[in-house]
Amino acid sequence: MQPPRLRLFALLAALSLLCPPLAHAAPPATREQMAAFEAGFTAGQASFDSGEYLAAVELWITAAGRLPEVTAHREHRLAVYQYVADAYARGLADETEVEPLGAAVAALDAYCEGFTRSYGTETPLDPKIVRILADLRGRLDAAVAIRELQAAPQEGAGRPPPITLVPAPKPWKGLTIGGGILLGLGLGAVALAATGAARGQYLETRFDDPINACDLERLQGHCADLHADGERNNAVAIAGTILAPLLLGGGAALLVMGLKRRPHRTRHALAPALAPSFIGLRLGGRF
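Read on for a plain summary of the structure. (Residues numbered from 1 in each chain as written. Predicted model: local features only at pLDDT ≥ 70, side-chain atom pairs only at ≥ 80, totals over all residues. Heavy atoms only, no water.)

Glancing now at the overall build of the chain. Of regular secondary structure, the chain possesses 8 helices and 2 strands. Of the regular secondary structure in the chain, the N- to C-terminal order runs α-α-α-α-α-α-α-α-β-β. For the chain, contacts bridging at least 24 residues in sequence account for 62% of all contacts bridging at least 6. When the accessible surface of the chain is split by element, carbon and sulfur atoms take 62% of a total near 19,600 Å². (Helix = DSSP H or I, 4+ residues; strand = E, 2+ residues; numbered from the N terminus. Contact = heavy atoms within 4.5 Å. Areas by Shrake-Rupley, 256 points an atom, 1.4 Å probe, with all protein chains shown as cover.)

For the rest of this paragraph, the subject is the nonpolar core. Formed by 33 residues in total, the largest nonpolar core has its most connected members in Val84, Tyr88, Leu108, Ile129 and Leu136. Ranked by residue count, the leading element in this core is helix H5 (residues 98-119), at 10 residues. One finds Leu183, Ala189, Ala244 and Ala252 within the second-largest nonpolar core, a separate group that totals 7 residues. (Core = buried A, V, L, I, M, F, W, Y, C linked by side-chain atoms within 4.5 Å. Buried < 20%, exposed > 50% of the residue type's maximum accessible area, 1.4 Å probe, protein only.)

Before going further, it helps to spend a moment on the pattern of salt bridges. The full count for this structure, using the stated rule, is 6 salt bridges. Note that Glu97 and Arg147 form a salt bridge whose closest N and O atoms lie 3.6 Å from each other. Taken together, the residues Glu97 in the loop between helix H4 (74-91) and H5 and Arg147 in helix H6 (residues 127-151) connect sequence positions 50 residues apart. Of the residues examined, Glu97 reaches a relative accessible area of 41% and is grouped as partly exposed. Each of the salt bridges in this network shares a partner with another, and the network as a whole consists of Glu97, Glu99 and Arg147. (Salt bridge = Lys/Arg side-chain N within 4 Å of Asp/Glu carboxyl O.)

This brings us to the side chain of Ser47. You can see Ser47 is positioned in helix H2 (residues 31-49). Setting aside its immediate chain neighbours within four residues, Ser47 contacts Glu52, Ala55, Ala56 and Leu59.

Right, let's get into the packing of H4 against H5. At their nearest, the axes of H4 and H5 sit 11 Å apart, and the two run at 160° to each other. By the angle between their directions, the pair H4 and H5 is classed as roughly antiparallel. With respect to the hand of their crossing, H4 and H5 are arranged in left-handed fashion. Residues Arg74, Arg77, Leu78, Tyr81, Val84, Ala85 and Tyr88 of H4 form the contact with H5, whose own contacting residues are Ala103, Ala104, Ala107, Leu108, Tyr111, Phe115 and Tyr119. Of the residues assigned to the contact of H4 with H5, the class counts are 12 nonpolar, no polar and 2 charged. (Axes fitted to C-alpha atoms, helices over the stretch in contact; angles between N-to-C directions. Parallel < 35°, antiparallel > 145°, perpendicular 65-115°, else oblique. Left-handed = near helix turned anticlockwise from the far one by under 90°. Nonpolar A, V, L, I, M, F, W, Y, C, P; charged D, E, K, R; others polar.)

Moving on to the packing of aromatic side chains. Enumeration over the complete set of coordinates arrives at 9 aromatic pairs. An angle of 40° between the planes, with centres 5.7 Å apart, marks the rings of Phe48 and Trp60 as tilted. Here Phe48 is found in helix H2, whereas its partner Trp60 is found in helix H3 (residues 53-64), with 12 residues between them in sequence. When its relative accessible area of 0% is taken as the criterion, Trp60 is described as buried. Ring geometry for Trp60 and Tyr83: centres 5.3 Å apart, planes at 40°, overall tilted. Of this pair, Trp60 sits in helix H3 while Tyr83 sits in helix H4, and the two are 23 residues apart along the sequence. Put simply, the rings of Phe37, Phe41, Phe48, Tyr53, Trp60 and Tyr83 pair up and form one aromatic cluster. Sitting over the ring of Tyr119, Arg74 keeps its end group 4.8 Å from the ring centre. (Phe/Tyr/Trp six-rings, centres within 6.5 Å; stacked < 30°, edge-to-face > 60°. Lys NZ or Arg CZ within 6 Å of the ring centre and 35° of its normal.)

Here it is in structure tokens:
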């Protein structure tokens, strides 16, 4: 049987185990700390009002750090971190990068952990802060997943690119296309020469008509217009007459060369066909 003094010590030891040790609370802030807190809060509010939300966050968190997490300052710190959460929600509304989202989650996590450590789990956290923290955490997880997916080696990344066989160019196509274009221009020049000549002849007839009484030495009024119009049409007819054979001959030559180079058993020959009442192309073939 234990002596009475030993039983008393054992009882005191058992009671000490039933009562958890109390944390020593930090003393309230001094007057200087409160002044610095108020100045930082005011500066953060000015940044927030001007739309610089992340700058306001830095000022507010620094200001809140001047107040210890004790009951005397709980409401002050809570109000500041409500503002901080709101500023994060605004400033990071369209953010998709990992670093700024991670910094926001770390800051709000630190506040929530300090709050719970000081007041216990029986004192609930502010719902607004919890909601914004959950949203930021979800966006951070998504950003991290996207970055990891982009950094992962893609399937087949180490394989050489497939070799694409480019068909050899076909020089005959360019020749035939160029020849066809020149032939078309040549036919247009023929038509232009014919139209200009006909129009010039008509204007000359009107100029020489006695009814108009036109004098070549004294051109004026309607006679001057007929003479100028006739000169223009004669120039068009002359230009068409000069260009038509050049274009038709060059086009026919290119077309014949292209058709000869074409890898085909049949042989074709395309040449302009001119007659007093016909302008066109003649195509001949040999098999």
